[in-house]
Amino acid sequence: MSITVFHNANMLSFHEGFQPGADTLVVEGNRISAIGRFDALQSFVQDGANLIDLSGKTLMPGMNDSHIHVWKVGNLKTFMLDVRAARSLEEMLSMISDYHRAFPDVAWIVARGFNEAGWANGRMPERTDLDKVVKDKPVYVIRTCAHIAVANTSAIERCGISADTVVPEGGVMYKGSDGRPNGIFSETALGLVANQIPPYTIAELQTMVKAAREELYSYGVTAVTDPAVDPLLLEAYYDLHRRNELGIRLNAIPILLPDGGEQPYPVPDYFDSGFFKVNTVKFFSDGGLSGKTAALKGHYKDSQEQGVLRLKREQYIGLCTAAMEKGLGLATHAIGDAAIDFVVDIYRQLHQSFPQLIKRIEHLGLPEQRHLDLMAANNIATSMQTVFLSELGKNFIRYLDQHYLDHCYPVRSVLDSGVLVALSSDAPVVKDFNPMKGVEAAVTRKNNEGDSIAPQESISIAEALKAYTADAARISVAPDFGSLKEGHLADLVVLDRDPLQQQPGQITAVKVLETWVDGQKVWSR
């Protein structure tokens, strides 16, 4: 069995009982076998041992992004046009036009990433805008939040959509002054177009996953949760697992209700191995704050809009019950206070019958204190995204009144209420999914423009790192990684400096030097 001895290390771990002061960690095979002082662990320093002097560099558990759409991150590196850099509608249209010329044989142009809130006029694009650059083939452009998309006229006609098209419950098909669809679709109505786009193959999905994995390694991410997996993607993940090609610990959360469809997918079977888990299922109860589709009790600023509630109560309860009877936990996307109200009430009922199974709320953007108290009492955890404050904070400031803004993504309050919190990125909703960016946002509460958002909800660097390691493992029901503990799996990251010693606004200066998964070095700067 191979032995690796890391010594002269500044070791950090964020689990209860961790005692600072050790400078040596021993890995035998794929697990941590000893932690202590170098002089006390000489028995492990033998012929053939891989002895690594870290010269005071920081060694800590690998990062765990508990909510990231891995294949979508990889898709923007491989098959899909990335328009996140567009600073105006005109620039986005130019990118689409260039792509059209560069790839004339592509049957559909599919792009993602625009955010109109950062444009000078702040106007949502419509089909007529897309028609200016591409008329002869369908174009479908997904907003950065993935809860809104715009189709050109060719796409609308290809999908047989008209003013009379029946829109699925929980979705909106917007119309222009002429009464015709203007090309904008949101929430479940996205399926009217998306379901007509030719699906990717399993091989293409696997190419995307591998492309994303390399960037994850560079950020020290050794474990991920993909929180919206359809049956084809699940098959692709199982195939990678069988061939030992995942290369990263992956928790797949299958969705049960497809956009634009009334018929749910089959409830999957529970599965758990060292690298791959299927232990939770996913639902969407509302949309996103950055596009004003998250369901609010009140209204978005200077409007009568309240977002969209997507779930039918009885169907939701029935599917939740069927999943939990198979030993699966629940993860439900809920951002607005109205959606959180709905989900917490149903989780509270289900807790009576399934108290041990994980119940997660994804995002938890605008919870009330009453929600947090009920969550703590009913074993309801959350995966939140402080990194949204950085990239989408300008949207929040534009769309939320001060009452909502003052408790937007309130991580401090959630922690103080005794709720289990993991932090994550939801990439590619955000472009920068470096966990250190998420940590920095959790501490500074500032957007990329320098504006503060609910600064009283700031947490410490150590609390944020715990939410990316030990607590991210807990929410994924992964008891054998996420901490530097004897017997734990050897998923490790070497940093060039101690993140706990950085100024709040300089945390992203911390760089990953090496990433180790399962006792093997998989990436090095």
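Placed above this text is the structure.
> Hey, could you run me through the overall build of the protein in this one?
Within the protein, the regular secondary structure consists of 16 helices and 25 strands. With the principal axes as the frame, the protein shows a C-alpha extent of 80 × 50 × 45 Å. The proportion of buried residues among the 525 residues of the protein is 60%. Considering only contacts in the protein between residues 6 or more positions apart, those separated by 24 or more positions represent 73%. Accessible surface, the protein: about 19700 Å² in total, of which carbon and sulfur atoms supply 49%. Separation between the mean location of the 50 positive side-chain charges and that of the 64 negative ones in the protein comes to 2 Å.

> Before we go on, may I ask you to explain the packing of aromatic side chains in this structure?
Two aromatic rings, taken as a pair, are described by how far apart their centres are and by the angle between their planes. The final tally for this structure, using the stated rule, is 14 aromatic pairs. For the ring pair F283 and Y316, a centre distance of 5.0 Å and an interplane angle of 80 degrees mean the geometry is edge-to-face. In this pair, F283 sits in strand β18 (residues 280-284) while Y316 sits in helix α8 (residues 313-325), placing the two residues 33 residues apart along the sequence. Taken as a pair, F283 and Y316 share a single burial class, namely buried. Centroid distance F396 to Y409: 5.9 Å. Interplanar angle 25 degrees. Geometry classified as stacked. Taken as a pair, F396 in helix α11 (residues 387-399) and Y409 in the loop between α12 (402-405) and α13 (411-416) lie far apart in primary sequence, 13 residues in all. On the basis of relative accessible area, F396 is assigned to the buried category, the value being 1%. Look at Y409 and you get buried, because its relative accessible area is 1%. Chaining the aromatic ring pairs together yields one cluster made of Y237, Y238, F271 and F276.

> I would appreciate a short explanation of the nonpolar core in the present structure.
In globular proteins that are soluble, nonpolar side chains generally tend to be buried together. Within the largest apolar cluster, 108 residues are counted, with the highest numbers of intra-cluster contacts made by Y237, F283, L289 and F396. Among the elements that make up this core, the one with the highest residue count is helix α9 (residues 337-353) (nine residues). With residues near it in sequence (within four places) discarded, Y237 still touches V70, W71, V209, D226, V229, L246, L250, A252 and F276. Among the nonpolar cores identified, the runner-up in size contains 20 residues, and A86, I96, F114 and V139 belong to it.

> Which parts of the structure should I look at to understand the sheet that holds strand β7 (residues 63-65)?
For sheets, the rule is that strands pair by backbone hydrogen bonds, running either parallel or antiparallel. With respect to topology, five strands assemble into an open sheet ordered β7-β14-β15-β17-β16, the strand pairing being mixed. The sheet is open, and its two borders are formed by β7 and β16 (271-272), each paired with just one other strand. Of the pairings in the sheet, the one linking strand β15 (residues 249-254) to strand β17 (residues 276-278) comprises two bridges and is parallel in character. By the bridge assignment, L250 is partnered in β17 with F276.

> Which parts of the structure should I look at to understand α11?
An α-helical turn contains 3.6 residues, so a residue and the one three or four places further along point in the same direction. Between the first and last C-alpha of α11 there are 18 Å, a value that for 13 residues agrees with the 18 Å anticipated at 1.5 Å per step. Within α11, ten of the 13 residues are buried, leaving the element largely enclosed by the surrounding structure. Among the residues of α11, V387, F388, L389, S390, E391, L392, G393, N395, F396 and Y399 are the ones counted as buried. On the buried face of α11, the contacting elements are β10 (139-143), β20 (359-363), α12 and α14 (435-444).

> Explain the state of the cysteines to me, please; I cannot follow it from the model alone.
As used here, a disulfide is simply a covalent bond connecting the sulfur atoms of two cysteines. Taken as a whole and judged by the stated rule, the model has zero disulfides. Here C145 stays free of any disulfide, with the sulfur of C408 as its closest cysteine sulfur at 14 Å. Taking the relative accessible area as the measure of exposure, C145 reaches 7% and is therefore buried. Residue C408 is classed as buried on the basis of its relative accessible area, which comes to 0%.

> In this structure, what is going on with the layout of surface pockets? I would like to understand it.
With a probe scaled to a water molecule rolled over the atoms, the places where space remains empty come into view. By volume, the second largest pocket is sized at about 350 Å³. Forming the walls of the second largest pocket are 19 residues, and the residues nearest its centre are M124, Y174, G291, K292 and E305. Of all the elements in the fold, those that place two or more residues in the lining of the second largest pocket are β12 (171-175), β13 (181-187) and α11. Here the residues of the lining of the second largest pocket sort into seven nonpolar, six polar and six charged.

> Teacher, can you tell me more about the packing of helix α6 (residues 202-218) against helix α7 (residues 231-242) here?
To characterise two packed helices, one gives the angle between the axes of the helices and the distance between these axes. Viewed as axis vectors pointing N to C, α6 and α7 meet at an angle of 65 degrees, and their least axial separation amounts to 9 Å. It follows from the interaxial angle that α6 and α7 lie roughly perpendicular. Of the two possible hands of crossing, α6 and α7 adopt the one that is right-handed. Mapping the contact onto sequence places I202, L205, Q206, V209 and K210 in α6 and L232, L233, E235, A236, Y237, D239 and L240 in α7.

Rules of the game
- Residues numbered from 1 in each chain as written.
- Predicted model: local features only at pLDDT ≥ 70, side-chain atom pairs only at ≥ 80, totals over all residues.
- Heavy atoms only, no water.
- Helix = DSSP H or I, 4+ residues; strand = E, 2+ residues; numbered from the N terminus.
- Buried < 20%, exposed > 50% of the residue type's maximum accessible area, 1.4 Å probe, protein only.
- Contact = heavy atoms within 4.5 Å.
- Areas by Shrake-Rupley, 256 points an atom, 1.4 Å probe, with all protein chains shown as cover.
- Lys, Arg positive; Asp, Glu negative; His and termini not counted.
- Charge placed at Lys NZ, Arg CZ, Asp CG, Glu CD.
- Phe/Tyr/Trp six-rings, centres within 6.5 Å; stacked < 30°, edge-to-face > 60°.
- Core = buried A, V, L, I, M, F, W, Y, C linked by side-chain atoms within 4.5 Å.
- Pairing = 2+ DSSP bridges.
- Expected span 1.5 Å × (residues − 1).
- Disulfide = S-S within 2.5 Å.
- 1 Å grid on protein atoms, 1.4 Å probe; cavity = no way out; pocket = protein on both sides within 12 Å on 5 of 7 lines; lining within 4 Å.
- Points joined across faces, edges and corners; volume = space filled by probe spheres on them.
- Nonpolar A, V, L, I, M, F, W, Y, C, P; charged D, E, K, R; others polar.
- Axes fitted to C-alpha atoms, helices over the stretch in contact; angles between N-to-C directions.
- Parallel < 35°, antiparallel > 145°, perpendicular 65-115°, else oblique.
- Left-handed = near helix turned anticlockwise from the far one by under 90°.

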